[in-house]
Amino acid sequence: MTLRKKLAVSTIAASVALTAFAGIPLSSKGLAEKLGVNGVVYASSSLADSALVIEAKKLDEALKATGGWANVRALQDALSSLDIHKQGDIVNPIVEKLNPSDEEETELEGLFLDAIDWSYGPTVKGLEELHAKYGTLLQTFADRGKVSDLKIDDIALYFFDVQKELVKQVGSKDLDGLLALLTDKDSVKQLMQSVLNELSTKQYKAQVLLTNFGITKDDVIGVLSRAREAVDKDATFVAAAGSLFKAYQYLNPTTPITPGNPGTVTPTTPLPESTDKLLNDLKAALDKATDAEKAAIITKFVADAKAEIAKLAAISAASSVTTVNGQAVLQLDEKSVLSAIAGINTVASKVKELAPASALAKTALQINLGEVSQKDVVLNLSDAVVKAAAAGNVSGATFTIGKFEVTVPVGGSFSSAIGLTIKKSDVSADVVGTLKSVSEVYDFNLTVGGTAKTSFDQPIVISIPLGDTTGLDKELLSVAKIVDGKLVFHGGRVSGNSIIESRDSFSSYVVVENKVSFKDIASVEAWAGREISVVAAKGAIEGKSEGQFAPKDKVTRAEFAKMLIRALDLENGSATEGFADVDSAAWYAPYVAAAAQLKIINGRSDTKFDPNATITRAEMATMIARALKVSQGASNVADVNAALKDFADAGKINASLKDGVAFAATHKIVVGNAGKFLPNNNATRAEAAVIIYRALNFDN
């Protein structure tokens, strides 16, 4: 038995056993609710199914690119042309474990074979046909299998990981090991057992489903020999296996293991022609330049490099958008995007090599979909694109859809295939009440690596276009999160005719004018009234009770942590802290965690935060300075002593706080009084509101 034959048979075995469950009808709202995923759109054109189709299409396209599609299809045709009784015999041991009725048994046999057929010609339409044909049947088995949170993403991940692990294990063997494996069926069985054992350590939900039905690894492996014996055409298996091997090699290029060539190599992605020309022109110019001329050539190259990166990062994606069941679905040309990323990384690396002081900051891909009429949009970045971007000089991707923008980072918790669904709907008075809305309702759903994510360690930035703001106070506009039908205000920065907000979690959002009034601020109205109204509208500061702001109360460290983090869009639900005096259930805990992680607020010691202690003006100035350096890249004051010389009490400022006070004073965020800064005075709530307001309007 040859290596290629072994590969094909093993892959077919996995296909029969595992792709069957791809037909679970998650496009059914009723079942989606049963499975606990009612917050996500799971129609066949939705994110989950799109991810499945996209992954399968990669293999399909690789087979066509390497000329092997016909060979694999021939193997499928051979299976399809088998007598119906022989087809049933192939999968019978698994079907029996499902304990179906006679009618269900016939349907299951058809499903197994149709699922294999779909896997070799994956389309959204074909998947929907599976749903329509077998949906009711599989809803029954999903319930019996007692895997209530099963998602189609989980099935897709398991199915493709089986194939990838198989190729990985074969590729890791030396020549002698391969020859030994090919000599008998037991070796093949052991390989398949090894693959399934490796995957069993990762706790796939699909495995739980199989286990709950009593389907064992031996049952899966048993399909292998029965399929081979039923087709009984070695040449067909050999050709299909060779094609599958080449296709996976094409997707994950390695040098084949052959006598005299035992190793592997990492392939390179072709650079764009413009990048090649830029680098070749640079080399030619440097080769013939004198030492005196080289500095000017490098300076020009840095400028040209910036222009080249900007050009490569700009991706016109209107032609990559298709409409499926009323949704606009973006699927980029992976090869061209990878080439652009390779160009960006190569040019940035060359700049760093020749002019380290001019090293270029990471750039975001600018992916413009143009005007999209559909209310629902599905955005996809493939696994290869995300990994290439995260490994180089690309910070993420900004998707522009008409006037709406969303920037998704790469790296960290965004390290595998990214799928983002955006749904727009009309505003309901039940949600906004008497508040005036200036946007549609935007609902977001995110998957990373096929798994739904509701919170993440890096913010996603959304820019929501504003509607008619005539007669409204733009400073009082706020992005509001809809939670159980109520609004939670998260602020946002108005820029032109849009409002920009960073999110560390996803839900439904709408932009409203949020007028907040307090009955007890007359004494500070002249110098803090406007500031209190704006900061309260953004949800960064709240009253002590209904209509009561308590402007002269002192601010605690916990309160200021919330004001600062909420106002400057620095929330991070995944942040953690280790202070013994911060209860994880306390209202201020997530804000303290976010501030501590960003080193905006330090503890009074390694284990103590002292959340209820009042905050001084110098401490507040320092925290504001650190926050603006994080959020807007603000720079330190060059001469701290010069910035503080006009304050008669500068000597009373703690040495560790002088940088922050100098920054805040220079930018007039925290100002002195009668020639004094009063660094150790406790700040009031009114003062805090004024300082937060100035930070919101800081112009770097």
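Summarised in this report is the structure supplied together with it. Positions within a chain are numbered from 1, following the residues in the order the chain's sequence is written. In keeping with the predicted nature of the model, local features appear solely for residues at pLDDT of at least 70, side-chain atom pairs appear and are counted solely at 80 or more, and the whole-chain, interface and lining totals rest on all residues. Each side-chain value is worked out from all heavy atoms of the structure, with water and hydrogens disregarded.

This part is about the sheet that holds strand β1 (residues 314-316). Criterion used throughout: strands pair if DSSP finds at least two bridges between them. Secondary structure elements follow DSSP: runs of H or I of four or more residues count as helices, runs of E of two or more count as strands, with numbering from the N terminus. If you walk across this open sheet you meet the 7 strands as β1-β4-β6-β7-β12-β16-β15, and the pairing is mixed. Of all the strands in the sheet, just β1 and β15 (493-495) have a single pairing partner and so form its edges. Ignoring strand direction, the axes of neighbouring strands in this sheet form an average angle of 20°. As paired elements, β15 and strand β16 (residues 498-505) share 3 bridges and run antiparallel to each other. Its bridge partner lying in β16, R493 is registered against I500. Residue contacts are counted whenever heavy atoms from the two residues lie within 4.5 Å of one another. With axes taken as lines fitted to C-alpha atoms, and helix axes fitted only over the stretch in contact, angles between N-to-C directions fall between 0 and 180 degrees. Each of β1 and β4 (363-370) is contacted by helix α15 (residues 291-313), which is oriented at about 25° to β1, the strand it contacts most.

Between helix α22 (residues 617-632) and helix α24 (residues 658-666), the least distance of the axes is 7 Å, while the angle of their chain directions is 75°. Considering their axes alone, α22 and α24 lie roughly perpendicular with respect to each other. In this structure, α22 uses A618, A621, T622, A625, L628 and K629 to contact α24, whose residues at the interface are G660, V661, F663 and A664. For this scheme, ten residues count as nonpolar: Ala, Val, Leu, Ile, Met, Phe, Trp, Tyr, Cys and Pro. Four count as charged, namely Asp, Glu, Lys and Arg, and the remainder, Gly too, count as polar. Its residues assigned to classes, the contact of α22 with α24 shows 7 nonpolar, 2 polar and 1 charged. Here the angle decides the label: under 35 degrees means roughly parallel, over 145 means roughly antiparallel, 65 to 115 means roughly perpendicular, and every other value means oblique.

Turning next to the pattern of salt bridges. The salt bridge definition used is simple: a Lys or Arg side-chain nitrogen within 4 Å of an Asp or Glu carboxyl oxygen. With the rule as written, the count across this model stands at 21 salt bridges. Measuring nitrogen to oxygen at the nearest pair gives 3.7 Å for the salt bridge that ties E440 to K424. Highlighted residues: E440 in the loop between β9 (436-437) and β10 (441-448) and K424 in strand β8 (residues 418-425), separated in sequence by 16 residues. On the accessibility criterion, E440 (23% relative accessible area) is partly exposed. Note on K424: relative accessible area 26%, which makes it partly exposed. What you see here is one network of salt bridges that share partners, running through E501, R503, D504, R566 and E571. Classification of residues uses two cut-offs on accessible area relative to the type maximum, computed with a 1.4 Å probe and protein chains only: under 20% is buried, over 50% is exposed, and between them is partly exposed.

Another point: helix α20 (residues 557-567). Among the 11 residues of α20, 11 are classified as buried, and the element is accordingly described as predominantly covered. Within α20 the residues assigned to the buried category are R557, A558, E559, F560, A561, K562, M563, L564, I565, R566 and A567. Against the buried residues of α20 lie β14 (486-489), α21 (589-597), α22 and α25 (685-696). One or two residues past the end of α20 sits D569, with phi positive at roughly 60°.

Moving on: the environment of G543. You can see G543 is positioned in the loop between α19 (525-537) and α20. The class of G543 is partly exposed, set by a relative accessible area of 31%.

Across the 8 residues that make up β16, a large majority, 8, are buried. Of the pairings in the sheet, the one linking strand β12 (residues 455-465) to β16 comprises 7 bridges and is antiparallel in character. Among the inter-strand pairings, P465 is bridged to a residue of β16, identified as S498.

The subject of this paragraph is helix α17 (residues 383-390). Within α17, burial applies to V385, V386 and A389. Each buried residue of α17 sits inside an arc of 95° when the element is viewed along its axis, so together they form one side. Summarising the contacts, the buried residues of α17 are in contact with α16 (334-354), β5 (376-381), β6 (394-401) and β8. It is the directions from the helix axis to the C-beta atoms whose arc is reported.

Our focus in this paragraph is unusual backbone geometry. Peptide bonds are, in most cases, trans, and in most cases residues other than glycine have a negative phi. Phi at A550 is positive, roughly 55°, even though this residue is not glycine. Here A550 lies in the loop between α19 and α20. Backbone geometry places D569, a non-glycine residue, at a positive phi of 60°. Within the element layout of this structure, D569 appears in the loop between α20 and α21.

Burial runs high along β10: 7 of the 8 residues are buried. As judged from the 2 bridges shared by β10 and strand β17 (residues 508-513), these two strands associate in the antiparallel manner. What sits directly across from D443, in β17, is S508. The sheet contact formed by β10 and strand β11 (residues 451-453) spans 3 bridges and is antiparallel. Pairing of L446 across the sheet is with K453, part of β11. Hairpin remark: β10 followed by β11, antiparallel, with 2 residues in the connecting loop; positive phi at G449, about 65°.

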